[in-house]
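Below are the chains, spelled out letter by letter.
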Amino acid sequence: MANVIKLHKGLDINLKGKAEEKKIQLKSSGKYALMPADFEGVVPKVVVKEGDKVKAGDALFVNKNYPSVKFASPVSGTVTAVERGDRRKVLSVRVDADANQEFKDFGVKDASKMTGEEVKELLLEAGLFGYINQLPYAVSTNPDTTPKAIFVSALRDKPLAGSFDFELKGQEMDFQAGLTALSKMAKTYLGVGVHSSMENYRDVEVNVFDGKCPAGNVGVQVNHIDPVNKGEVVWTIGDPTVVLFIGRLLNTGKVNLTRTVALAGSEVNSPAYADMLVGQELATLVSNSYDADHSVRIINGNPLTGCPTTKDGFLGAHTSEVCIIPEGNDNDEMLGWIMPRFGQFSANRSYFSWLFGKKQYALDARVKGGERHMIMSGEYDKVLPMDIYGEYLIKAIIAGDIDRMEQLGIYEVSPEDFAVAEFVDSSKLELQRIVREGLNNLRKENA
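Residues numbered from 1 in each chain as written. Predicted model: local features only at pLDDT ≥ 70, side-chain atom pairs only at ≥ 80, totals over all residues. Heavy atoms only, no water.

Engineer: For this particular structure, what's the right way to read the nonpolar core?
Structural biologist: Across soluble globular proteins, you tend to see nonpolar side chains buried next to one another. By size, the foremost hydrophobic cluster in this structure holds 65 residues, and its most contacted members are Leu60, Leu123, Tyr131, Phe175, Leu182 and Leu190. In terms of residues, this core owes the most to one element, helix H5 (residues 241-252), which gives seven residues. Grouped together as the second largest cluster of nonpolar side chains are 56 residues, Leu304, Ile388, Val420 and Leu429 included. (Core = buried A, V, L, I, M, F, W, Y, C linked by side-chain atoms within 4.5 Å. Buried < 20%, exposed > 50% of the residue type's maximum accessible area, 1.4 Å probe, protein only. Helix = DSSP H or I, 4+ residues; strand = E, 2+ residues; numbered from the N terminus.)

Engineer: I keep staring at helix H11 (residues 431-446) and nothing clicks. Help me out?
Structural biologist: For an α-helix, 3.6 residues make a turn, and residues three or four places apart therefore share a direction. Between the first and last C-alpha of H11 there are 22 Å, a value that for 16 residues agrees with the 22 Å anticipated at 1.5 Å per step. When H11 is considered as a whole, its buried residues turn out to be Leu431, Gln432, Ile434, Val435, Arg436, Gly438, Leu439 and Leu442. On the buried face of H11, the contacting elements are strand E10 (139-140), helix H7 (379-383), helix H8 (390-399), helix H9 (402-407) and helix H10 (419-424). (Expected span 1.5 Å × (residues − 1). Contact = heavy atoms within 4.5 Å.)

Engineer: Would you take a moment to explain a nonpolar patch on the surface for this structure?
Structural biologist: A surface patch of nonpolar side chains, amounting to about 350 Å² of accessible area, comprises Met376, Tyr389 and Tyr392. By the element assignment, Tyr392 lies in helix H8. Residue classification places Tyr392 among the partly exposed residues on the basis of a relative accessible area of 43%. (Patch = residues over 30% accessible without salt bridge, like charges linked within 9 Å, V, L, I, M, F, W, Y side chains within 5 Å. Areas by Shrake-Rupley, 256 points an atom, 1.4 Å probe, with all protein chains shown as cover. Salt bridge = Lys/Arg side-chain N within 4 Å of Asp/Glu carboxyl O.)

Engineer: So what exactly am I meant to see when it comes to the side chain of Gln176 here?
Structural biologist: In this fold, Gln176 is placed in helix H3 (residues 172-185). Of the residues examined, Gln176 reaches a relative accessible area of 9% and is grouped as buried.

Engineer: Any chance you could explain the layout of surface pockets here in plain terms?
Structural biologist: Where empty space is left becomes clear once a probe the size of a water molecule has been rolled over the atoms. Here the second largest pocket is characterised by a volume of approximately 1300 Å³. Lining the second largest pocket are 44 residues; nearest its centre among them are Asp12, Ile13, Asn14, Lys212 and Lys358. Breaking the lining of the second largest pocket down by element, the ones donating at least two residues are helix H2 (164-168) and strand E13 (205-210). (1 Å grid on protein atoms, 1.4 Å probe; cavity = no way out; pocket = protein on both sides within 12 Å on 5 of 7 lines; lining within 4 Å. Points joined across faces, edges and corners; volume = space filled by probe spheres on them.)

Engineer: Mind showing me how you'd approach the packing of H8 against H11 here?
Structural biologist: Packed helices, taken two at a time, are described by their axes: the angle between them and the distance between them. It is at 9 Å that the axes of H8 and H11 come closest, and there the two elements cross at 60°. Here H8 is positioned oblique relative to H11, judged by the angle of their axes. In this structure, the crossing between H8 and H11 has a hand that is left-handed. From H8, Ile394, Ile397 and Ile398 reach across to H11, where they touch Leu431, Ile434, Val435 and Gly438. (Axes fitted to C-alpha atoms, helices over the stretch in contact; angles between N-to-C directions. Parallel < 35°, antiparallel > 145°, perpendicular 65-115°, else oblique. Left-handed = near helix turned anticlockwise from the far one by under 90°.)

Engineer: It is not clear to me how empty space enclosed by the protein should be interpreted in this structure. Could you clarify?
Structural biologist: This model, assessed by the stated rule, comprises one cavity of 30 Å³ or more. Taken as a whole, the largest cavity holds about 30 Å³ of empty space. Looking at the lining of the largest cavity residue by residue, the classes come out as six nonpolar, two polar and one charged. (Nonpolar A, V, L, I, M, F, W, Y, C, P; charged D, E, K, R; others polar.)

Engineer: Just checking my understanding: could you explain the pairing of strand E15 (residues 258-264) for this structure?
Structural biologist: Consecutive residues of a regular strand have side chains that alternate between opposite faces of the sheet. By the criterion of burial, E15 is predominantly enclosed, with six of the seven residues buried. Pairing geometry for E15 and strand E16 (residues 272-277), over six bridges, is antiparallel. In the sheet register, Leu263 faces E16, and the bridge partner there is Ala272. In the sheet, E15 pairs with strand E19 (residues 321-326) via three bridges, with the strands oriented parallel. Bridging across to E19, Ala264 finds its partner in Cys323. (Pairing = 2+ DSSP bridges.)

Engineer: Before we go on, may I ask you to explain the environment of Asp110 in this structure?
Structural biologist: Relative to the helices and strands, Asp110 is located in the loop between strand E8 (90-97) and helix H1 (116-125). Asp110 gets classed as partly exposed once you look at its relative accessible area, which sits at 37%. In this structure, the C-alpha to C-alpha distance between Asp110 and Gly247, residues 137 residues apart in sequence, is 9.9 Å. Within polar-contact distance, the side chain of Asp110 engages the side chain of Ser112 at 2.7 Å. (Polar contact = N/O pair within 3.5 Å; in protein donor to acceptor, adjacent residues only side chain to side chain.)

Engineer: Explain the sheet that holds strand E2 (residues 31-34) here, please?
Structural biologist: Sheet strands pair via backbone hydrogen bonds, and the direction of the pair is either parallel or antiparallel. Here we have four strands laid out as an open sheet, ordered E2-E8-E7-E4, and antiparallel in their pairing. Where the open sheet ends on each side, the last strands, each with one partner, are E2 and strand E4 (53-54). Here strand E7 (residues 77-84) pairs with E8 via seven bridges, running antiparallel. Each residue of the ladder has a partner; that of Ala81, found in E8, is Arg94.

Engineer: Looking at this model, I keep getting lost on H5. Mind explaining?
Structural biologist: Compared with an ideal rise of 1.5 Å per residue, which puts 12 residues at 16 Å, H5 spans 16 Å between its outermost C-alpha atoms and is within 8% of the ideal. Across the 12 residues of H5, 10 count as buried, placing the element largely inside the fold. Restricting attention to buried positions, one finds in H5 the residues Thr241, Val242, Val243, Leu244, Phe245, Ile246, Gly247, Arg248, Leu249 and Leu250. Where H5 is buried, its residues contact H1, strand E11 (150-153), H2, H3, strand E14 (234-237) and E15.

Engineer: Before we go on, may I ask you to explain the pattern of salt bridges in this structure?
Structural biologist: Two side chains bearing opposite charge may form a pair once their charged atoms approach each other closely. Enumeration according to the criterion identifies 20 salt bridges in this entry. Between Asp275 and Lys23 there is a salt bridge; the shortest N-O distance is 3.1 Å. Note that Asp275 is positioned in strand E16 and Lys23 in the loop between strand E1 (3-6) and E2, a separation of 252 residues in sequence. With its nearest N and O atoms 2.9 Å apart, the salt bridge here joins Asp226 to Lys148. Of the two residues, Asp226 sits in the loop between helix H4 (218-225) and E14 while Lys148 sits in the loop between E10 and E11, which places them 78 residues apart along the sequence. Members of the salt-bridge network, linked through shared partners, are Arg156, Glu167, Asp239 and Arg259.

This is the structure we're talking about:
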């Protein structure tokens, strides 16, 4: 019987355009790119050059600080470019796929008969280990850390998020193999939602989280099950598709980075799901899916934590949805904020729309206000279901007070934990950016 953990804080933002549980078939353009920025904390060292032939599963780059951590090509083909930005920062490694795919063979394995060290070595060799993150610092982990536990969240509850229960259908054996492999390395916890069908998996402790967004955040789940103290490390997988990657590797001996992606948002003509490879060109998904006459924002991820992109961008390594919402730069509202509103969402009932009960909203990308002094109003505490003082922690990060940050629980948080707080923040502060900078500074200090 799974443990049920009831959360009383949070906020569900019900947006128009949630994907229907049906799949559309895509014709790939053959263009792929793996982006180091998708793996927080990794300093990339490219190990291929333009013109090289690679198989699916061959390394494109490694973590310069931990060279055994490789990052695998999603396809076999020819390396066409190593794209660099300022100060020669590696932005992406691009590969044009072959018509007939070749896979590097790592051999079929039985996770139940492997040791934790054997599992780790297999994931390192196959270029999948870097998909596992860690707390503290919310970065891609490294093989030198020894976790006290591994946490997997299979609950996606952010606005327009894709359903993992839908993605999982037909892949239950791969998911079980992945969970078993993780359990060999450390005690493993699986967090699911109240209506999930994933309560009966073996080798892990299943916890049901009953509450509003961000109940699905792996950091929130860690906070309620086994909080991270200074000097401790936990490994986290907030993207449950990574467990499928691991399971497929064990069951087939091949790296298969296919994931089911939700195409969602109020601007999408027919919101649905599609199977895509990590790094696949987004044009294959979003072309002709929205009215080109509208000013829209394409988001690689969900509206709370995703990154703006274009149809010429590529699917992120941890992206489970691509959202298209109005940009809002062509809106001309008479009298602006002073008008009574019936179709706009408000967390604190500033608009009259709350009178109409639960309804869907077509929100745009506008901030609707400028950054101002921080107001100590308790706004964060209402939507942050963690045992920390969110407002005080943000102030400590801004002030650069490391001792105060540690006392207020910075080792337990990641930027996404503050995404809902950022949404409701009347001060319009970029809380996720502030938390990321605080974590980065703390990691440098403790290095």
